[in-house]
Amino acid sequence: MTTLHIAPASPLAPEASALLDASQALMRQLYTPEENNFLSHEALCDPSVRFFTAADGAETLGCAALQIKEGYGEVKSFYVTEAARGRGVGTALLRQIEETALAEGLTVLKLETGDALAAACRLYEANGFTRCGVFGDYEDNGVSVFMTKTLVPAVA
């Protein structure tokens, strides 16, 4: 990998849209419609959402979003291409989400993922997320994994 570049992006841009399509196709393979909690491309354009892509040169390798909620930020639409997994892209995207959350005045991140996504769970846990109970509008559907992380602002 040369230089990984993480930047704000539009979820409707072709590269981002292709990543979201791949992510949603995977979720549809693994889970029933009632078990899927992903946001549509259009919902990711909401003013409460900060959307990012990770690229190495011209190749877009991953995406992630931060949805600003009351009192916390939620990690959404987190996806790294299969070819880029294990190359630090996920960790770099999480770092961007954390920095953005802190800049927005948030000190807690939460996320919902699926039990079949073991590698994603390991990535989140390796980056300081711990399992927690159901939050927000989610229901305990038997396949969702809920996680949280308290962010510590850097001291000046």
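> Run through the nonpolar core, naming residues and quoting values.
Grouped together as the largest cluster of nonpolar side chains are 25 residues, with contacts concentrated most on Phe-78, Leu-93, Leu-109 and Phe-129. Where this core is concerned, the elements lending two or more residues are strand S2 (49–56), strand S3 (59–68), strand S4 (73–80), helix H2 (89–103), strand S5 (108–114), helix H3 (118–126) and strand S7 (144–150). For this core, the element with the most residues is H2, which contributes six residues. In this structure Phe-78 touches Cys-63, Ala-64, Gly-90, Leu-93, Leu-94, Leu-123 and Tyr-124, once residues within four positions along its chain are discounted. If you look at the next biggest cluster of nonpolar residues, it comprises 10 residues, including Ala-16, Leu-20, Leu-39 and Phe-51.

> Go over the pattern of salt bridges, please, and point to the residues and values.
When their charged atoms lie close together, side chains carrying opposite charge are able to pair. Here the structure, examined in full by the defined rule, presents six salt bridges. Glu-98 is the salt-bridge partner of Lys-149, the closest N and O atoms lying 2.6 Å from each other. In this pair, Lys-149 is assigned in strand S7 and Glu-98 in helix H2, connecting sequence segments 51 residues apart. Each member of the pair, Lys-149 as well as Glu-98, carries the same accessibility label: buried.

> Describe helix H1 (residues 14–30), and please don't skip the residues or the numbers.
Over its 17 residues, H1 runs 24 Å from end to end, which matches the ideal 24 Å to within 8%, given 1.5 Å per residue. Residues of H1 that are buried include every one of Ala-16, Ser-17, Leu-19, Leu-20, Ser-23, Gln-24 and Met-27, and no others. The buried residues of H1 occupy an angular sector of 160 degrees when the element is viewed end-on, so they sit on one face. Away from the buried face of H1 by more than 90 degrees, exposed residues Pro-14, Arg-28 and Gln-29 are located. On its buried face, H1 is in contact with S2, S3 and S4.

> Describe the sheet that holds S4, with residues and values.
Read from one edge of the open sheet, seven strands run S1-S2-S3-S4-S5-S7-S6, paired in mixed fashion. Each edge of the sheet is formed by a strand with only one pairing partner; in this case those strands are strand S1 (4–8) and strand S6 (130–131). As paired elements, S2 and S3 share eight bridges and run antiparallel to each other. Looking at S3, one finds that Phe-51 is bridged to Ala-65. Helix-sheet contacts for H1 involve S2, S3 and S4, and the interaxial angle to S3 is about 80 degrees. Across the sheet, H2 is in contact with S1, S2, S3, S4, S5 and S7; its angle to S3 comes to roughly 30 degrees.

So, how was this worked out
- Residues numbered from 1 in each chain as written.
- Predicted model: local features only at pLDDT ≥ 70, side-chain atom pairs only at ≥ 80, totals over all residues.
- Heavy atoms only, no water.
- Core = buried A, V, L, I, M, F, W, Y, C linked by side-chain atoms within 4.5 Å.
- Buried < 20%, exposed > 50% of the residue type's maximum accessible area, 1.4 Å probe, protein only.
- Helix = DSSP H or I, 4+ residues; strand = E, 2+ residues; numbered from the N terminus.
- Contact = heavy atoms within 4.5 Å.
- Salt bridge = Lys/Arg side-chain N within 4 Å of Asp/Glu carboxyl O.
- Expected span 1.5 Å × (residues − 1).
- Arc of directions from axis to C-beta.
- Pairing = 2+ DSSP bridges.
- Axes fitted to C-alpha atoms, helices over the stretch in contact; angles between N-to-C directions.

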